[in-house]
Amino acid sequence: MNKQPITTLLFDFDGTLLDTNDLIIQTFLSVLGNRYPGRFTKEDCLHFIGPSLKQTFDSIDETLTDELIQEYRALNIEMHDDLVVEYDGVSETLRLLKARGIKLAIVSTKKKDIILRGLKWMGIEDIFEVVIGLDDVVNPKPDPEPILIALSRLNASKDEAIMIGDNYHDIEGGQNAGVRTAGVAWTAKGEEYLASFNPTYMLQHISDLLQMVEGQKV
């Protein structure tokens, strides 16, 4: 296993730092319910958490993708502040990590303006040196492109970085980019599901990262 110190943490956003699961599911249920009444359930929408909107809507009907994305984004913004919840300890832990000189970035499949809205809602818009959104890349996770862009902008080494997320595309993206990975046990899809993609670490709480950057095993 890589024994290099951890100097860089790359975070997914939705479902990792901010609990947007209910927001995402409710938005999908509303948008798809208007188009396909009765066809999609909450369980179906759970599978749409993680991939980009284009990837999801292309899998449903490529001819309507652009239209559905537009409807989704408008409704998602409207409901955003009422439905999101910060996961326990996130803001506090991130501030402690930053104070220790750890390089911090967001690597998400969400558009950057919505990520920044979420960060502002959490009061941590000053924490991250780099924010990589869907509009910054050609190929979203699990392609390594967004992770490699983040590392380049941070002037960070692959050997000292971890990609942290709640879904398979975070873990596979990290593996494809050649960095260590950490799943989060609070993923909406369940710890066992995420563990099946063999992340290097599994976080039980965000504060586990404080021990990790000190070189202690979690």
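Keep in mind the model is a prediction, meaning the values are calculated, not measured. (Residues numbered from 1 in each chain as written. Predicted model: local features only at pLDDT ≥ 70, side-chain atom pairs only at ≥ 80, totals over all residues. Heavy atoms only, no water.)

Enquirer: How do you make sense of empty space enclosed by the protein when you look at a structure like this?
Expert: Under the definition given, this model contains one cavity of 30 Å³ or more. Space inside the largest cavity adds up to approximately 310 Å³. In this structure, the largest cavity is lined by 23 residues; those nearest its centre are D14, L53, Y72, T109 and K110. Elements represented by at least two residues in the lining of the largest cavity include exactly α1 (21–35), α3 (53–61) and α4 (65–83). Looking at the lining of the largest cavity, the element that brings in the most residues is α4, giving four residues. Of the residues belonging to the lining of the largest cavity, the class tally is 10 nonpolar, seven polar and six charged. (1 Å grid on protein atoms, 1.4 Å probe; cavity = no way out; pocket = protein on both sides within 12 Å on 5 of 7 lines; lining within 4 Å. Points joined across faces, edges and corners; volume = space filled by probe spheres on them. Helix = DSSP H or I, 4+ residues; strand = E, 2+ residues; numbered from the N terminus. Nonpolar A, V, L, I, M, F, W, Y, C, P; charged D, E, K, R; others polar.)

Enquirer: Explain the sheet that holds strand β8 (residues 201–203) here, please?
Expert: Where strands meet in a sheet, backbone hydrogen bonds hold them as pairs that are either parallel or antiparallel. Strand order in the open sheet formed by six strands is β5-β4-β1-β6-β7-β8, and the pairing between neighbours is parallel. Strands at the two margins of the open sheet, each flanked by one partner only, are β5 (130–132) and β8. Geometrically, the sheet is characterised by an average inter-axis angle of 25° between neighbouring strands, direction not taken into account. Inspection of the sheet shows strand β7 (residues 180–184) paired to β8 by three bridges, in the parallel sense. What sits directly across from V184, in β8, is L203. (Pairing = 2+ DSSP bridges. Axes fitted to C-alpha atoms, helices over the stretch in contact; angles between N-to-C directions.)

Enquirer: Help me out: how do you make sense of the nonpolar core in this one?
Expert: One recurring pattern in soluble globular proteins: nonpolar side chains tend to sit buried together. Formed by 34 residues in total, the largest nonpolar core has its most connected members in L9, F11, L17, L97 and F128. Secondary-structure elements contributing two or more residues to this core are β1 (8–11), α5 (90–99), β4 (103–107), α6 (112–122), β6 (161–165), β7, β8 and α10 (208–212). In this structure, F28, Y36, L53 and L68 belong to the second largest nonpolar core, which totals 19 residues. (Core = buried A, V, L, I, M, F, W, Y, C linked by side-chain atoms within 4.5 Å. Buried < 20%, exposed > 50% of the residue type's maximum accessible area, 1.4 Å probe, protein only.)

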